[in-house]
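Survey of secondary and tertiary structure
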Amino acid sequence: MGAGIAIFTAAANALTAQESGARRQNRDQDQPKDISSWLHINDDGVVTVFTGKVEVGQNTRTTLAQSVADELRVPLSSVRLVMGDTALTPFDMGTFGSRSTPYMSPQLRRAASAARDLLLAQAATEWKTSADKLIASQGKISNPASGATLTYAQLAQGQTLAHDLPDADPITPPAEWTVAGKSAPKLNARAFVTGQHQYTPDLRPAGLMYGKVLRPPAFGATVVSADLAAAQAMPGIVVVRDADFVAVSRSDRRGCGKSSLRGSCRMEAHAANF
């Protein structure tokens, strides 16, 4: 991430607060060993936040950003969310079960609280005072005794500071929230309504394949036999058979339309017997 202030979590106890689907059922299981960043304060004052959750219309981009802004004491406009990047948050199984807010919001609050503590400590060192005598507000640290102020951008300028996420860190109680829980404009709303925002079907990563799955006629049906020779003989077609799972794919979406396995992705229903 370059210069700035980063808050990290190195698995172990810190990740037990993070949603990980089935992993939460057994907290003794080995957690990922990768060090992944939750939050980074750039040296221009922009706060970049990482989450495995994605925005699918439930407005979690805004609500999670509000939680960070509240805890870090910054304007909502300065928070940027990076969502669903599996290279950065590989330990999160995904967005399901209405868990984004109840599980991710406390985790990001803890990261933001740790970042605020680090900023306060850095300013206290600069002014040769104690952190408890300083105030964090609106993206800056103030010293009421002297009237001096330092913005987060100034504190992060030219720095490369990292701090582990503590096992337990007090976060702001709901009664003291000033950003979260309040009505706020939807982040990136203009991109959503103008078509600039890219949804999953809009993405074209290198090596992308298009495919169709052969659906069974009834729930619980199993494949008795499958004649895949004709599909396997087609150029550019990849045929997959894994027990009761049968599918075909190709690098070109032509012929892989909504109709079941048509055109160049064709696999007639009678190719498999259930």
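Residues numbered from 1 in each chain as written. Predicted model: local features only at pLDDT ≥ 70, side-chain atom pairs only at ≥ 80, totals over all residues. Heavy atoms only, no water.

**Considering the sheet that holds strand S7 (residues 148-151)**
Strand pairing in a sheet relies on backbone hydrogen bonds, with the paired strands running either antiparallel or parallel. Reading across the sheet, the 3 strands line up as S5-S6-S7 and stay open at both edges, with antiparallel pairing between neighbours. Edge positions in the sheet fall to strand S5 (135-137) and S7, since each of these pairs with one other strand and no more. Each adjacent strand pair in this sheet contributes to an overall mean axis angle of 25°, direction not counted. Summarising the sheet, strand S6 (residues 140-143) and S7 pair through 4 bridges and their orientation is antiparallel. From the neighbouring strand, Lys-140 faces S7, where its bridge partner is Thr-151. The sheet strands contacting helix H2 (residues 100-127) are S5, S6 and S7, and the helix crosses S6 at an angle near 45°. (Pairing = 2+ DSSP bridges. Helix = DSSP H or I, 4+ residues; strand = E, 2+ residues; numbered from the N terminus. Axes fitted to C-alpha atoms, helices over the stretch in contact; angles between N-to-C directions. Contact = heavy atoms within 4.5 Å.)

**Overview of the pattern of salt bridges**
If the charged atoms of two oppositely charged side chains come close together, the side chains can form a pair. Under the counting rule described, the total for this entry stands at 4 salt bridges. Between Lys-186 and Glu-55 there is a salt bridge whose closest N-O contact spans 3.8 Å. Of this pair, Lys-186 sits in the loop between strand S8 (160-164) and helix H4 (189-194) while Glu-55 sits in the loop between strand S3 (47-51) and helix H1 (60-72), placing them 131 residues apart in sequence. Between Glu-71 and Arg-116 there is a salt bridge; the shortest N-O distance is 3.4 Å. (Salt bridge = Lys/Arg side-chain N within 4 Å of Asp/Glu carboxyl O.)

**Some thoughts on H2**
Between its terminal C-alpha atoms H2 stretches 39 Å, which fits the 40 Å expected from 28 residues at 1.5 Å a residue. Immediately downstream of H2, the backbone of Lys-128 shows phi near 55°, a positive value. (Expected span 1.5 Å × (residues − 1).)

Shape is all these values report; function is a separate question.
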